[in-house]
Structure formats: C-alpha cells, structure tokens
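# Analysis of the macromolecular model
Read off the chains here:
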Amino acid sequence: MSLLEVADLDVAYTRGNTRMPALRDINLTMERGAIVGLVGESGSGKSTLGLAIAQLLPGNGRVTAGTIAFDGTDLTSSTQAELRAFRGKRIGVVFQDPSASLNPVLTIGEQIAESIRLHHDTGESTSLLTETLRKYSGGLARRGRSWAMAVDMLARMGIPDPAGCARRFPHQLSGGMRQRAAIAMALSGEPDLLIADEPTTALDVTVQATILRELVELVREMNTSVLLVTHDLDVASYFCDRIAVLYSGQLFELASAKEIFENPQNPYTQRLLASQPNIDDESAELAVLEGDVPDPADELAGCRFAARCPEAIDLCRSTPPRLVTLPERLVTHDREHQCRCLLRDGTATAAA
Ligand code: ATP
Ligand code: MG
C-alpha cells in the first residue's frame, strides 16, 4: 500500500455565492520515504493541494470530489477527532512563513518539547527520537528528556547554538533560524509525511539551499515522505525523487526528477523548463512562456494549456486530455511517466 493515494480529487473555494474550482481531477500517489516536488506557476493550486492533503483548507475551501487515502484511511470521510490524530503526528506541515506554525509566546524549546511529549504519550515513538530518548534516559525526568530531545532536533536542523536557541522566543531568531525551528517542530512528531509549502522561498538563496539540505538529510533518516511545494525547478530537481507539474489546477506531468529534466513530454513542462535560467550557460536565451495561466475556476472546453501551446491543434481546444501513463516508446528512464496531453497519449494520431 502506498503512503498517500490521492484519487480523482476536486477542490473548490466559495467566493460569495459562487463555487470556484481550484483543483480538478488530481491523481497522485506517494510511496513511503519519497520526496515529491510539486511545481507550477503562481495560482496553479500547489498550496491548495498541500492544504487539502493536510486537511487544513480554509473555511471556504472544500473537497468536492475524490478521495485522499493516507496509509489506507480516506481522510475526506474521516471525523474531526480522527483527523486530529493524523495532523501533526502523521502529517507535519511547514509553510513559507514560519510564524504560522510557531507560537509567539512560548520559547522554541517549550513548543518542540511539548510536541515531542504528545508524540511519546501516544506510544507511537519510532526510530530516531527513541534512540535520542535512550541516550538521555539516564535519570532525567520526563520533562528534561523532552527538552533534551528538542535541543537535539534543533541541532539536527543545523542550528549552531541549539541549547541557546531552545531558550529563545520565535521573534528573537533570524528568519533562517526561525524556519529551521519551524521545521524541527514539524518533524518532532516524526510524521510519515511532511507537507512543505515553499519553506525557504522568503530566505536568501544560500540559506535556502543549506536549510533544504538539512531538511532532506533529516527526513531521509526518519524515512518521512515530503511533498515539497516549490516554484523553483532547480530546487525540485536537486532535492526530489519525483516531480509533479501542476497547471491551472490539474496535474500535467508526473515522473522521476531525471525523467522530467531529460525527457519532458508535456509541451507545458517543456516550455516551463526552457523558461528557467540555465546555471551552466547563463548566456543561453530564455524561452518566454507567453500569456497567463487560466484561473483554475475558468470552465474551458479542451486542454487548459491549449491557448498558450504552440503545438495545439483544433482537437486540443475541444477535447480535455486525461493524465495517462505514457507508452514505452516515449519514456527514457521512468515507465511510470504520466502526462496529460492529447498529442502524446495517442488520441491526436487516432483522430487524424
Ligand atoms: P502561489 O505560487 O502563488 O503560492 P499556488 O500554486 O499555491 O500559488 P493556490 O494558492 O493554491 O496556488 O491557489 C489556487 C487557486 O485558488 C487560485 O486561483 C487562487 O486564487 C484560489 N484560492 C486560493 N486560496 C483561496 C481562498 N482562500 N479563497 C478563494 N480562492 C482561493
Ligand atoms: Mg502557494
């Protein structure tokens, strides 16, 4: 059984009296321990998908169709009490703004230690923290142990003076340190899945890379899966095993990072890659993706990318493509390569 199986998922927001679709027909499977990058332009629905999986959609957002099976349990039909058990413990969340997950009136150490105590009270403790617990168990009271484990988590996230950091309040830390603390907090319950929504976008580039490296090292050690939301394809290719490309509320392509970079098949992914600055050849001319992403709420007859796609034929404007596993002749490294395009799935040639 896969850790996460999102099937035929639709999510909509209500604005005024109108229901505005934000995600359409999302199918995404994540294996245990996998790091999946979710990429796409602004407004494509990346955060909505992360929030839907974590069951943290705002009050006006709702799953309108489909299922989100987490370790075999459908979260969309679970009760509030069941969901509370998942959130935090089995699914951790970290946002672009660390203050969204840190309590301003508690010290960093107090809040991480509290989360560790909650986790251990349920008897669900596993590998990494249990090891640490054993290390500190010699005569230390329970409170002291969870504090020591909190300091240990901060150290693992690359905080240079972890004991000092634990005694500080969130506002006393720099942006980078605050985000490290938020990640340590999200991982302190040893979740099976971490949803990380642009966790480093607000920080400067070198700090971003260091924090992501620390995060990836820690989750690999814990065998925690990560859905890493990013608009940066280089980040996705460097840190992720698989990449999911979202466009206007739909998944357009899904494959291993290597496959997406070396053999992108969806015309949108191809142009998205061509429009990214090339680190190896800064003089290379950037392709420009003309036009805007249609609002996911817009009802369109055919492919949602057709209006911007230089390869589009009439059929693309009238027939919506489905996300399908590509035929073997089109794949290079990944037989599970999935793509949403009539020109690639055989429909266009069959119709010609
Ligand atoms: P960004 O890269 O800018 O963070 P994103 O890919 O995360 O974008 P979302 O924030 O998921 O995109 O937004 C997807 C769509 O849902 C957009 O059309 C957006 O306007 C709409 N939307 C998001 N949040 C809400 C909300 N709380 N109420 C109404 N509509 C919303
Ligand atoms: Mg977002």
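Now for a description of the structure that goes with this document. Computed from a prediction, not measured in an experiment: that's the story for all the values here.

### Observations regarding the packing of aromatic side chains
- Evaluation of the coordinates by the stated rule reveals six aromatic pairs.
- Measuring from ring centre to ring centre gives 5.1 Å for Tyr247 and Phe252, while their planes differ by 55°; the resulting arrangement is tilted. We note that Tyr247, like Phe252, is buried.
- Taking 5.2 Å as the distance between ring centres and 85° as the angle between the ring planes, the aromatic pair formed by Tyr247 and Phe305 counts as edge-to-face. Of this pair, Tyr247 sits in strand E9 (residues 242-247) while Phe305 is found in the loop between helix H11 (267-274) and helix H12 (314-318), placing the two residues 58 residues apart along the sequence.
- With relative accessibility at 1%, the residue Phe305 sits in the buried group.

### Thoughts on the pattern of salt bridges
- For the coordinates displayed, the defined rule picks out 19 salt bridges.
- Residue Asp192 is joined to Arg90 by a salt bridge in which the shortest nitrogen-to-oxygen separation is 2.7 Å. Within this pair, whereas Asp192 is found in the loop between helix H7 (175-187) and strand E7 (193-197), its partner Arg90 is found in the loop between helix H2 (80-86) and strand E6 (91-94), the two being separated by 102 residues in sequence.
- Classification of Asp192 by relative accessible area gives buried; the value is 18%.

### What about the pairing of strand E4 (residues 61-70)?
- Sheet analysis places strand E1 (residues 4-15) next to E4, joined by eight bridges and oriented antiparallel. If you follow Leu4 over to E4, its bridge partner there is Phe70.
- With two bridges connecting them, E4 and strand E5 (residues 73-74) associate as antiparallel partners. By the bridge assignment, Phe70 is partnered in E5 with Thr73.

### Side note on unusual backbone geometry
- Despite not being glycine, Asp8 shows a phi value in the positive range, around 50°.
- Since its relative accessible area comes to 44%, Asp8 is described here as partly exposed.
- For Asn223, which is not glycine, the phi torsion reads 60° and is therefore positive.
- Mapping Asn223 onto the fold places it in the loop between helix H8 (205-222) and strand E8 (225-229).

### Considerations on the site of ligand 1
- Taken together, 15 residues surround ligand 1, and among them Ser42, Gly43, Lys46, Ser47 and Thr48 come closest.
- Here Gly43 contributes a backbone N or O atom positioned 2.8 Å from an oxygen atom of ligand 1.
- For ligand 1, whose unbound accessible area comes to 630 Å², protein coverage reaches 69%.
- In terms of residue count, helix H1 (residues 46-53) provides more of the shell around ligand 1 than any other element does, three residues in total.

### A few points about the state of the cysteines
- Scanning the model with the defined rule gives zero disulfides in all.
- Unpaired in terms of disulfides, Cys303 finds its nearest cysteine sulfur in Cys316, a separation of 6.3 Å.
- The thiol sulfur of Cys341 is not disulfide-bonded, and the nearest other cysteine sulfur, from Cys339, lies at 5.4 Å.
- Residue classification places Cys341 among the buried positions, given a relative accessible area of 7%.

### Some thoughts on the environment of Thr76
- The residue Thr76 is located in the loop between E5 and H2 in this model.
- Sequence separation between Thr76 and Gly176 is 100 residues; the distance between their C-alpha atoms is 34 Å.
- A distance of 2.8 Å separates a polar atom in the side chain of Thr76 from a polar atom in the side chain of Asp74.

### Let's talk about the sheet that holds E4
- Taken in spatial order, the four strands line up as E2-E1-E4-E5 in an open sheet, and their pairing is antiparallel. Of all strands in the sheet, those with a lone pairing partner are strand E2 (18-30) and E5, marking the two edges.
- This element, H1, spans E1, E2 and E4 of the sheet and lies at about 115° to E1.

### Structural notes on the sheet that holds strand E3 (residues 35-39)
- Here we have eight strands laid out as an open sheet, ordered E6-E7-E8-E3-E9-E10-E12-E11, and mixed in their pairing. In the strand order of this sheet, the two ends are held by E6 and strand E11 (323-325), each with one partner. Direction aside, neighbouring strands of the sheet carry axes that sit 20° apart on average.
- Bridge count for E6 against E7 is four bridges, and the pairing is parallel. Across the sheet, Val93 pairs through a bridge with Ile195, a residue of E7.
- Against the sheet, H1 engages E3, E6, E7, E8 and E9, with an angle of about 150° to E7.
- Each of E6 and E7 touches H7; the most contacted strand, E6, lies at about 170° to it.

### Here we look at the packing of H7 against H8
- For the pair H7 and H8, the least separation of the axes is 11 Å and the interaxial angle reads 15°. By the angle between their axes, H7 is roughly parallel relative to H8. Of the two elements, H7 crosses H8, and the hand of that crossing is right-handed. Where H7 approaches H8, its residues Gly176, Arg180, Ile183 and Leu187 are matched on the opposing element by Val207, Thr210, Ile211, Glu214, Leu215, Leu218, Val219 and Met222.
- Of the residues assigned to the contact of H7 with H8, the class counts are eight nonpolar, two polar and two charged.

The rules behind the values
Residue positions are given per chain, counting from 1 as you read along its sequence in written order. The lettering of chains begins at A and the numbering of ligands begins at 1, in the order of writing. Per-residue local features of the predicted model are confined to residues with pLDDT of at least 70, and side-chain atom pairs are confined, for both listing and counting, to 80 or more; whole-chain, interface and lining totals are unaffected and use all residues. Values shown for side chains rest on all heavy atoms present in the structure; no hydrogens or waters enter the calculation. Note on aromatic contacts: the rings of Phe and Tyr and the six-membered ring of Trp form a pair at centre separations within 6.5 Å, being stacked when their planes are under 30 degrees apart, edge-to-face when over 60 apart, and tilted otherwise. Only protein chains enter the accessibility calculation, which uses a 1.4 Å probe. A residue is then buried if its area is under 20% of the maximum for its type, exposed if over 50%, and partly exposed in between. Here a strand is any run of E in DSSP of at least two residues, a helix any run of H or I of at least four, and the numbering for each starts at the N terminus. Salt-bridge detection follows one rule: a side-chain nitrogen of Lys or Arg within 4 Å of a carboxyl oxygen of Asp or Glu. DSSP-based pairing: two strands are paired if at least 2 bridges between them are found. Any residue with a non-hydrogen atom lying within 4 Å of a molecule or strand is treated as near it. Nitrogen and oxygen atoms within 3.5 Å of one another constitute a polar contact, given that in protein one can donate a hydrogen and the other can accept it, and given that sequence-neighbouring residues count only through two side-chain atoms. Using the Shrake-Rupley algorithm and a 1.4 Å probe, accessible areas are obtained, with residue cover drawn only from the displayed protein chains. Criterion for a disulfide: a pair of cysteine sulfur atoms at a distance within 2.5 Å. Should any heavy atoms of two residues lie within 4.5 Å, those residues are counted as being in contact. Under this scheme, a helix contributes an axis fitted over its contacting stretch, all axes are lines through C-alpha atoms, and angles between N-to-C directions fall in the 0 to 180 degree range. Working definition: roughly parallel below 35 degrees, roughly antiparallel above 145 degrees, roughly perpendicular at 65 to 115 degrees, and oblique for all remaining angles. For a crossing to be left-handed, the near helix must be turned anticlockwise from the far one by less than a right angle; the clockwise case is right-handed. Just so you know the grouping, Ala, Val, Leu, Ile, Met, Phe, Trp, Tyr, Cys and Pro go in nonpolar, Asp, Glu, Lys and Arg go in charged, and all remaining residues, Gly too, go in polar.

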